[in-house]
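Here's the letter readout for the chains.
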Amino acid sequence: MPHNFTVSPDFAPDHMSGWFYFNTWLQRKLGVDIHLELYDTFEQQRMDIRAGKVDMIYANPYDASMLVRELGFKAVVRPVSKRDEAVIVVAADSPIATVEDLGAGTRVATTADPDVDTIGMIMLEPADLDAASVQKHVYNSHVLIAKSLLNGETDVGFVLKQSYDELSDLIRGRLRVLVASQISVVHHALLVGPAMMDRFDELRDLLVAMPKDEKGVGVLESMEIRGWEPMSEEQTEFMIDLIDTLID
Amino acid sequence: MSDQDTGAEREVTLHYYDGSERKALIVDTEVPYPDGKLIVSRTDPQGFITHANQAFVDMSGYSREELIGANHNILRHPDMPAVAFKGLWDTVQSGQKWQGFVKNLRKDGKYYWVKATVIPNIRQGKLVGYTSVRRKPSRSKILESEALYATLK
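Basis of the calculations
- Residues numbered from 1 in each chain as written.
- Chains lettered and ligands numbered in written order.
- Predicted model: local features only at pLDDT ≥ 70, side-chain atom pairs only at ≥ 80, totals over all residues.
- Heavy atoms only, no water.
- Helix = DSSP H or I, 4+ residues; strand = E, 2+ residues; numbered from the N terminus.
- Rg over C-alpha atoms; globule rule 2.2 N^0.38 Å.
- Buried < 20%, exposed > 50% of the residue type's maximum accessible area, 1.4 Å probe, protein only.
- Contact = heavy atoms within 4.5 Å.
- Areas by Shrake-Rupley, 256 points an atom, 1.4 Å probe, with all protein chains shown as cover.
- Lys, Arg positive; Asp, Glu negative; His and termini not counted.
- Charge placed at Lys NZ, Arg CZ, Asp CG, Glu CD.
- Buried area = accessible area lost by both parts, 1.4 Å probe.
- Salt bridge = Lys/Arg side-chain N within 4 Å of Asp/Glu carboxyl O.
- Polar contact = N/O pair within 3.5 Å; in protein donor to acceptor, adjacent residues only side chain to side chain.
- Nonpolar A, V, L, I, M, F, W, Y, C, P; charged D, E, K, R; others polar.
- Patch = residues over 30% accessible without salt bridge, like charges linked within 9 Å, V, L, I, M, F, W, Y side chains within 5 Å.

## A few points about the overall build of chain A
When its secondary structure is counted, chain A shows 10 helices and 11 strands. The C-alpha atoms of chain A give 19 Å as radius of gyration, which agrees with the globular expectation for 248 residues (18 Å, within 12%). By its C-alpha atoms, chain A is 55 × 35 × 30 Å across when sized along the principal axes. When the 248 residues of chain A are sorted by exposure, 55% land in the buried category. Within chain A, contacts between residues separated by at least 24 positions form 79% of all contacts whose residues are at least 6 apart in sequence. Working note: accessible area of chain A is about 10,900 Å², and carbon and sulfur atoms make up 51% of it. In chain A, 22 positive and 41 negative side-chain charges are present, and the distance between their average locations comes to 5 Å.

## Digging into the interface of chain B and chain A
Counting from both sides, the interface comprises 25 residues of chain B and, opposite them, 23 residues of chain A. Sorting the residues of chain B by area buried against chain A places L38(B), R123(B) and R135(B) first, and these three jointly supply 27% of that buried surface. With its nearest N and O atoms 2.6 Å apart, the salt bridge here joins E125(A) to R135(B). Across the chain B-chain A interface, the total number found is 13 residue pairs in polar contact (both at pLDDT 80 or more). Within the residue set of the side of chain B that touches chain A, elements represented by two or more residues are β3 (39–43), β6 (111–123), β7 (126–135) and α4 (139–152) of chain B. For the side of chain B that touches chain A, the leading source of residues is β6(B), giving six residues. Across the side of chain B that touches chain A, the residue classes tally to six nonpolar, nine polar and 10 charged.

## Quick notes on the environment of A59(A)
Residues and elements named next belong to chain A. Tracing the sequence through the fold places A59 in strand β3 (residues 56–59). A relative accessible area of 1% places A59 in the buried class. Sequence-wise, A59 and H187 are 128 residues apart; in three dimensions their C-alpha atoms are separated by 9.0 Å. For A59, the contacting residues outside a window of four places in its chain are S8, A64, L67, H188, A189 and L191.

## Overview of a nonpolar patch on the surface
On the surface, V83(B), L148(B) and L152(B) cluster together to form a nonpolar patch covering roughly 250 Å² of accessible area. Secondary-structure assignment places L148(B) in helix α4.

Structural data, given as structure tokens:
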């Protein structure tokens, strides 16, 4: 039976083929069959994780908490210099100058990405806003968030910093960043579950050496990841503790 | 800016729970919490700092070397009532998460307000320390806390 691998649904669509190249590279290196399953929604993916259908996952830090503390997963590596940060954006001509200008009933454009949504809500707290006092509009992509802001359907949008940077100059020119997070310690990680734990050391060594591998370099480029660095159990626990402080 | 922000300076002796004390300069000037940042620190079970992120270094005014190994009460402002910290310790020592608004003292005597969350770090069922994460509070919560803490002193 092949092992099952999946990726947090917040990956950029442009990098989808990169994850398939990664999976092919990994199967050759490890000499095992691995099936890559990509999901459209976090809910569907979490259901399959809980049903034991996932053996390896590139997880967002929020799901990493459940995977490690409840399901016996262990973080192997994290991407080098890639941290999860969010920005709150408004239309360039919006009268809102600071977060404190926002009030109850603010229309927030967001995605189902738990990372960005949590960081975004924390950045709204200085305006005394919480989930009960804003109107959330959930969109499937950051481009749709930008559109809703430009059409005046929403007042502020939560966007992953990296996705914001990847928006076209044309769209970015019509938006303005109200506030940007600088958290630095929250990031995605590649984790393995109990069924692949016997390959843990081999997998870590392979991934850390990936930028030196002839084919590995190109695969990393297609995912826009510079390389991988190993994660100790304590580093993982530290990040999970930190995430716990951010979730009310 | 708070009504308490007069810029006045005074020297006070701070008394700590463990019986120790130190003299500190108090300057009634607020340093605004920077947008988008989290201040992160960790302590051992006794409250001695083992980890400080850059935002913590920047806002506290201490160097990282001065913070590591210091008791977390180095940040304690005399305007904070002892009962608030008792609540914090009682909560985290019982294994629960604590959240509250705290006025912190900087090395230069100025102050900054935070919304703090503290959780116990449990490893293999054992308490190994605490993680504290601070974020920007709203002005209304600061005013509420100032009024409340003044009645608790």
